[in-house]
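Summary of structural features
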Amino acid sequence: VSGHHGVNLSSRLTSSRRSLSLGGGSKILEKSHVFDEDGNDVTPQPLYQADPGATQAKGSRFFVDEISAGSASDQTTATGSFTMQFARSVFGSSRISSQSTIESVNEEMEDTFSKRDLPIPERNNQYAELCRNKMGNDKYVDRSMLTLNGAAKNKHVQTDTATVTTWDMYDTLCSPEQEETVGRPQPEMSDYQEAVMDSSRAAERSVSVGISASSSVRDVDASGSTSNTESEWQLIMLSESFQHSLLVMERCILRNNFQRQLAAYRQLPVLEDDSQSPALQCLWAFSCELSRGRSISSLAWNKKNPDILAVGYGQFDSGDQKQGLVCCWSIKNPTWPERFIHCDSAVTALDFSANSPSQLAVGMHDGSIAIYDLQNQDSKSSVISSRQCPDKHLGPVFQLRWIQQELSLESLFSVGADGRICKWFAFSGGLDCTDLMRLKSANKKGKTKEDYLSLLSPGLCFDFHPIDPRIYLTGTWEGLIHKCSCSNNQQFLETYKKHFCSVNCITWNPLSPDVFLSCSADWTIQLWKQDQLKPVLGFTSTQQAVHDVKWSPKWATVFGVVNEGQLEIWDLNSSIEEPVIVQPAAPGVTMTSLLFARQTDCVVVGDSDGQVTVYQVKNLSVGVSSQVRQRNRWPVR
């Protein structure tokens with residue numbers, strides 16, 4: 001401080017503290033001062049500097065910036081000053097410079113400290129009054145201040161991962177009442193996975209049906225009504241829902257048993273051996289007690305559902321004829337057909353309609369044709385027949401085809417042993433037909449009406465052009481192939497001569513419309529171009545009659561052949577001398593018919609024992625070309 005107060009500070013002081021009494025009973029306000037080595041007051045000044053001209057007023061904040069006081073007896077001048085601040089006071093800022101002012105401050109501070117002991121409601125009232133007094137009062141100043149922001153904190157969250165399907169969440173959260181209201185969710189999955197899920201759910205429902213059925217029977221037994229127990233069981237066993245549940249359970253079990261074969265049929269990834277040579281892998285066989293021992297005469301895929309295969313059972317020989325049978329097989333159940341139809345005569349031909357996929361046309365050995373609606377389980381009540389037609393075929397119907405012609409209208413065509421190609425129409429009373437072509441014999445000439453039938457050569461097969469359905473080919477018992485037009489029923493457009501025995505099958509190439517194949521009982525297969533009357537290529541592998549030949553729908557150079565002893569797969573891109581795959585028939589069994597699957601690399605083969613075997617064609621290295629090209633090095637045989 002200085003020598004004005006008579007105090008000699010010989011030693012170096014760094015700080016000092018003075019006390020100021022504000023009156024009796026009041027609190028002591030203290031202010032710390034900081035001095036340097038020379039005794040100078042270096043106390044930091046407050047950040048807030050009040051307005052020097054401001055006057056004391058109630059309800060304002062109280063700041064004492066500097067107080068100078070003294071008496072005449074002991075102090076004439078005052079060189080020191082100190083500043084005092086109350087941060088949470090309710091007084092305003094002012095500068096006090098006299099003793100009277102100090103006394104008034106003392107009184108107001110006593111009021112302030114006494115108000116701290118007021119109850120909370122009264123303090124709230126005081127604060128509300130203070131806020132009202134601030135409105136329009138210049139002694140209140142609002143200023144912004146810079147505050148410190150807290151340090152940022154990083155928060156990490158870790159969870160356990162689990163794979164949960166839509167059905168897991170649905171079965172866990174959704175009640176049966178909600179299921180009836182909102183329905184089940186539809187997850188995105190493949191057709192095969194969706195079918196498996198449907199089968200699993202149906203199996204669960206079937207189990208619940210069985211449990212409820214058994215419980216109901218137990219209730220009947222407990223009540224003493226033993227006479228009704230058997231009738232209750234009959235109602236349960238014959239109910240439509242229980243039959244459907246059994247069907248689905250059977251499919252679930254069979255899918256588990258045939259899972260590897262079905263995956264190969266669907267071309268799903270499966271573990272395979274290291275062999276890269278072309279081969280056939282037997283996946284399964286469609287066979288049951290109904291079909292066992294019956295010769296297969298024809299095969300046909302459903303044009304809308306490629307998993308449905310219709311199989312006709314019957315013999316072409318007129319010696320030992322059995323009752324005809326048609327079975328509609330599904331790859332979902334290789335052990336029992338979805339539908340089976342018993343026919344009065346042996347089945348010799350069949351084909352599905354494209355416009356009405358549930359309609360199946362069946363040709364029989366007695367010359368009659370019937371159209372069945374497979375949507376109705378009672379096949380006898382939903383049939384249109386040509387038995388009452390006076391112009392029906394007089395011999396076996398060797399082939400049937402549904403063909404779309406003008407205006408996308410679909411017509412049914414047939415070829416029979418009586419040498420007629422017919423076009424059929426349906427009416428309320430049955431089927432009626434008109435002759436599209438009569439296959440006149442090239443070796444016989446007759447002049448009387450009695451010789452009329454002998455002038456016709458039996459037609460064994462035909463096939464319509466894949467692009468122009470007005471053009472078709474037909475093969476005869478004499479070994480001739482006639483090219484005909486639907487608009488001309490009097491003469492042939494062309495006649496192809498090479499076979500010297502009956503032509504058993506003709507097929508156009510679906511990927512190269514100018515090329516077709518023919519097979520005959522003369523042991524040969526001939527490759528033709530429709531603008532050439534001589535075959536381009538001839539193929540022979542065994543000294544046996546060739547029963548059927550079919551082009552692959554995926555590869556233009558691949559076709560399959562069945563003869564009495566084996567199945568042959570030919571690839572013209574690899575070899576024109578011999579087949580690339582040979583599958584021999586079982587001992588004592590003759591292969592009779594052949595059909596490629598439309599969407600997979602599989603082929604189905606029917607035999608004389610009533611068994612349809614499904615083979616997968618493996619490791620067949622076929623080029624990307626989709627056309628068959630005639631090469632100069634190909635010999636004409």
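Residues numbered from 1 in each chain as written. Predicted model: local features only at pLDDT ≥ 70, side-chain atom pairs only at ≥ 80, totals over all residues. Heavy atoms only, no water.

1. Structural notes on the overall build of the protein
From N to C terminus, the protein includes 8 helices and 32 strands. Across the 637 residues of the protein, 41% fall into the buried class. Contacts spanning at least 24 positions in sequence make up 51% of the contacts within the protein whose residues lie at least 6 apart. Entry remark: accessible area of the protein is about 36500 Å², with carbon and sulfur atoms responsible for 50%. (Helix = DSSP H or I, 4+ residues; strand = E, 2+ residues; numbered from the N terminus. Buried < 20%, exposed > 50% of the residue type's maximum accessible area, 1.4 Å probe, protein only. Contact = heavy atoms within 4.5 Å. Areas by Shrake-Rupley, 256 points an atom, 1.4 Å probe, with all protein chains shown as cover.)

2. Some points on the sheet that holds strand E20 (residues 480–485)
Reading across the sheet, the 4 strands line up as E18-E19-E20-E21 and stay open at both edges, with antiparallel pairing between neighbours. Two strands close off the open sheet at either side, each with one partner strand: strand E18 (459–464) and strand E21 (494–497). Going from strand to strand, the sheet's axes swing by 20 degrees on average, the running direction of each strand aside. Inspection of the sheet shows E18 paired to strand E19 (residues 471–476) by 5 bridges, in the antiparallel sense. For Gly459, the partnering residue across the bridge sits in E19 and is Thr476. (Pairing = 2+ DSSP bridges. Axes fitted to C-alpha atoms, helices over the stretch in contact; angles between N-to-C directions.)

3. Some details on the UniProt feature "repeat: WD" (unreviewed entry) in the protein
Within this numbering scheme, the UniProt entry marks residues 496–529 as carrying the feature "repeat: WD" (unreviewed entry). Secondary structure content for residues 496–529 is 0% helix and 56% strand, and the end C-alpha separation is 10 Å. (UniProt positions renumbered as here; feature names shortened; annotations may be inferred.)

4. Points about empty space enclosed by the protein
Counting across every chain of the model gives 2 cavities of 30 Å³ or more. Approximately 70 Å³ is the volume found for the largest cavity. What lines the largest cavity is a set of 10 residues, among which Arg294, Ser295, Gly314, Gln315 and Lys322 lie closest to the centre. Classifying every residue of the lining of the largest cavity by side-chain character gives 1 nonpolar, 6 polar and 3 charged. (1 Å grid on protein atoms, 1.4 Å probe; cavity = no way out; pocket = protein on both sides within 12 Å on 5 of 7 lines; lining within 4 Å. Points joined across faces, edges and corners; volume = space filled by probe spheres on them. Nonpolar A, V, L, I, M, F, W, Y, C, P; charged D, E, K, R; others polar.)

5. Brief notes about the packing of aromatic side chains
The geometry of an aromatic ring pair is captured by the separation of the ring centres together with the interplanar angle, meaning the angle of the planes. The final tally for this structure, using the stated rule, is 15 aromatic pairs. Arranged with centres 5.4 Å apart and planes meeting at 40 degrees, the rings of Phe286 and Trp329 form a pair that is tilted. One end of the pair, Phe286, is in strand E5 (residues 279–286); the other, Trp329, is in strand E8 (residues 324–330), and 43 residues separate them in sequence. With respect to burial, Phe286 and Trp329 carry one shared label: buried. Members of the aromatic cluster, each reached through a chain of ring pairs, are Tyr265, Trp284, Phe286 and Trp329. (Phe/Tyr/Trp six-rings, centres within 6.5 Å; stacked < 30°, edge-to-face > 60°.)

6. Brief notes about a nonpolar patch on the surface
Where nonpolar side chains cluster on the molecular surface, the patch consists of Val164, Met169 and Leu173 and spans about 320 Å² of accessible area. Note that Val164 resides in the loop between helix H2 (120–134) and helix H3 (166–173). (Patch = residues over 30% accessible without salt bridge, like charges linked within 9 Å, V, L, I, M, F, W, Y side chains within 5 Å. Salt bridge = Lys/Arg side-chain N within 4 Å of Asp/Glu carboxyl O.)

7. Observations regarding the packing of helix H6 (residues 229–238) against helix H7 (residues 240–257)
Between H6 and H7, whose axes approach to 5 Å, the crossing angle comes to 55 degrees. Between H6 and H7, the angle falls in the class oblique. Contacts from Ile236, Met237 and Leu238 of H6 reach H7 at Glu240, Phe242 and Gln243. In the contact of H6 with H7, the residues fall into 4 nonpolar, 1 polar and 1 charged. (Parallel < 35°, antiparallel > 145°, perpendicular 65-115°, else oblique.)

8. A closer look at the pattern of salt bridges
Per the counting criterion, the structure on display carries 11 salt bridges. Here Arg251 ties to Glu338 by a salt bridge, and the two come within 2.8 Å at their closest N and O atoms. Of this pair, Arg251 sits in helix H7 while Glu338 sits in the loop between E8 and strand E9 (339–343), and the two are 87 residues apart along the sequence. Arg251 gets classed as buried once you look at its relative accessible area, which sits at 19%. A salt bridge links Asp548 to Lys550, with the shortest nitrogen-to-oxygen separation between them at 2.8 Å. We classify Asp548 as buried; its relative accessible area is 8%. The network of salt bridges with shared partners includes Asp418, Arg420, Asp435 and Arg438.

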